[in-house]
Amino acid sequence: MTRALTSGALPRYAPLLLLALAWEAVTRAGLVPASALPPLDKVAFAWYGLAADGELLTNGLSSIWRAVSGLALAIVCGSAIGILMAWYRPVRIVVNPTVQFFYPMPKSALIPVMVLWLGFGDASKIVLIFIGCMLPVTLSAFNGARGTEEVLIWSARALGASRRRVLWEVVLPSTLPELMSGIRTALALSFVLLVSSELLVARRGFGYMIGWLGDGGAYDAMFAVVLTVALLGFLADRGYLMLMRRLLAWRT
């Protein structure tokens, strides 16, 4: 087991350990003021305090609920829209210009609009995450479906498969690798949009905590929340990669 760790996970994540050591070294040596970059032991102590009094848990649950809700809606709707765009020309003619128009726009620019329409509650954050994450999912689903080999479609049709069955049994499996890559991009984007929206217009959540802790000068606690978000994003990405390998094992 020790050998597996040495040859696997430990070398892979060694840069993170080196980064932590460099952080501790520059703060202890006084190269960076403690107010700008607190030592890791103070950050850990502040994290323990936030966890012990329940602040981290209650705000974290609010953030996770918003992120999961928005991302789940984006995956369902984006996948359906992208595949339908590729499979039905009328849908592509109607929807594609809208997708192409909104895709390059910074999604954080929609925060004031969401607040104006939906207020300061969960709905504005969920809809923002939904819109921002749906676009990469839609485009990846579209590209994956359009990349289906025509020979497979012709063969299925020649064997008597209906158009709907071809869509379900040929196009959808062919779309899956590209689609799952787009979902991974959306997963990362959901964390960005979540913290951005909560930082500006929220009364609870990770972004809200980062804002009020920073305004209050509690920089060690602020960094504790920032590292918590980074760790959750990292674990979510690693977990999703494991799911991808399992679901796409048929390719090998």
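Everything discussed here concerns the structure shown above.
Read on for an overview of the structure.

## Focus: the overall build of the protein
Tallying secondary structure elements over the protein gives twelve helices and zero strands in all. Going residue by residue from the N terminus, the α and β elements of the protein occur as α-α-α-α-α-α-α-α-α-α-α-α. Counting across all 252 residues of the protein, residues that qualify as buried make up 38%. If you sum the accessible surface of the protein, you get close to 14,700 Å²; carbon and sulfur atoms cover 70% of it. Within the protein, the 13 negative side-chain charges are centred at a point lying 11 Å from the centre of the 21 positive side-chain charges.

## Comments concerning the nonpolar core
One recurring pattern in soluble globular proteins: nonpolar side chains tend to sit buried together. Trp87, Cys133, Ile153, Val166, Val171, Tyr240 and Met244 are the most contacted members of the largest nonpolar core, which has 35 residues in total. Secondary-structure elements contributing two or more residues to this core are helix H5 (55-87), helix H8 (122-146), helix H9 (150-158), helix H10 (163-200) and helix H12 (219-247). The element that contributes the greatest number of residues to this core is H10, accounting for eleven residues. Non-local contacts of Tyr240, meaning those with residues more than four positions away in its chain, are made with Met180, Ile183, Arg184 and Leu187. If you look at the next biggest cluster of nonpolar residues, it comprises 17 residues, including Leu213, Met222, Ala224 and Val229.

## Quick notes on the pattern of salt bridges
According to the stated counting rule, one finds seven salt bridges in the structure shown. Ionic pairing is found between Glu198 and Arg66, a salt bridge with its closest N-O pair at 2.6 Å. Placement of the pair is Glu198 in helix H10 and Arg66 in helix H5, with a sequence separation of 132 residues. Given a relative accessible area of 1%, Glu198 falls into the buried group. A salt bridge links Asp237 to Arg238; its shortest N-O distance comes to 2.7 Å.

## A closer look at the packing of aromatic side chains
In the structure shown here, the tally under the stated rule is three aromatic pairs. For the pair Trp23 and Phe223, a centre-to-centre distance of 5.7 Å together with 65 degrees between the ring planes defines the contact as edge-to-face. In this pair, Trp23 sits in helix H3 (residues 14-28) while Phe223 sits in helix H12, placing the two residues 200 residues apart along the sequence. Both residues of the pair, Trp23 and Phe223, count as buried. Here Tyr208 and Trp212 contribute two aromatic rings whose centre-to-centre distance is 6.3 Å and whose plane-to-plane angle is 50 degrees, an arrangement assigned as tilted. Placement of the pair is Tyr208 and Trp212 together in helix H11 (residues 206-215), with a separation of four residues, close to one helical turn. When its relative accessible area of 35% is taken as the criterion, Trp212 is described as partly exposed. Over the aromatic face of Phe120 sits the side chain of Arg203, whose NZ or CZ is 5.1 Å from the ring centroid.

## Some details on the packing of H11 against H12
Running from amino to carboxyl end, H11 crosses H12 at an angle of 160 degrees, the nearest separation of the two axes being 8 Å. Judged by the inter-axis angle, H11 sits roughly antiparallel to H12. Crossing hand, H11 versus H12: left-handed. Together, Phe206, Met209, Ile210, Leu213 and Gly214 of H11 and Tyr219, Ala221, Met222, Val225, Val226, Thr228, Val229 and Leu232 of H12 make up the contact between the two elements. Its residues assigned to classes, the contact of H11 with H12 comprises eleven nonpolar, two polar and no charged.

Criteria and cut-off values
Residues numbered from 1 in each chain as written. Predicted model: local features only at pLDDT ≥ 70, side-chain atom pairs only at ≥ 80, totals over all residues. Heavy atoms only, no water. Helix = DSSP H or I, 4+ residues; strand = E, 2+ residues; numbered from the N terminus. Buried < 20%, exposed > 50% of the residue type's maximum accessible area, 1.4 Å probe, protein only. Areas by Shrake-Rupley, 256 points an atom, 1.4 Å probe, with all protein chains shown as cover. Lys, Arg positive; Asp, Glu negative; His and termini not counted. Charge placed at Lys NZ, Arg CZ, Asp CG, Glu CD. Core = buried A, V, L, I, M, F, W, Y, C linked by side-chain atoms within 4.5 Å. Contact = heavy atoms within 4.5 Å. Salt bridge = Lys/Arg side-chain N within 4 Å of Asp/Glu carboxyl O. Phe/Tyr/Trp six-rings, centres within 6.5 Å; stacked < 30°, edge-to-face > 60°. Lys NZ or Arg CZ within 6 Å of the ring centre and 35° of its normal. Axes fitted to C-alpha atoms, helices over the stretch in contact; angles between N-to-C directions. Parallel < 35°, antiparallel > 145°, perpendicular 65-115°, else oblique. Left-handed = near helix turned anticlockwise from the far one by under 90°. Nonpolar A, V, L, I, M, F, W, Y, C, P; charged D, E, K, R; others polar.

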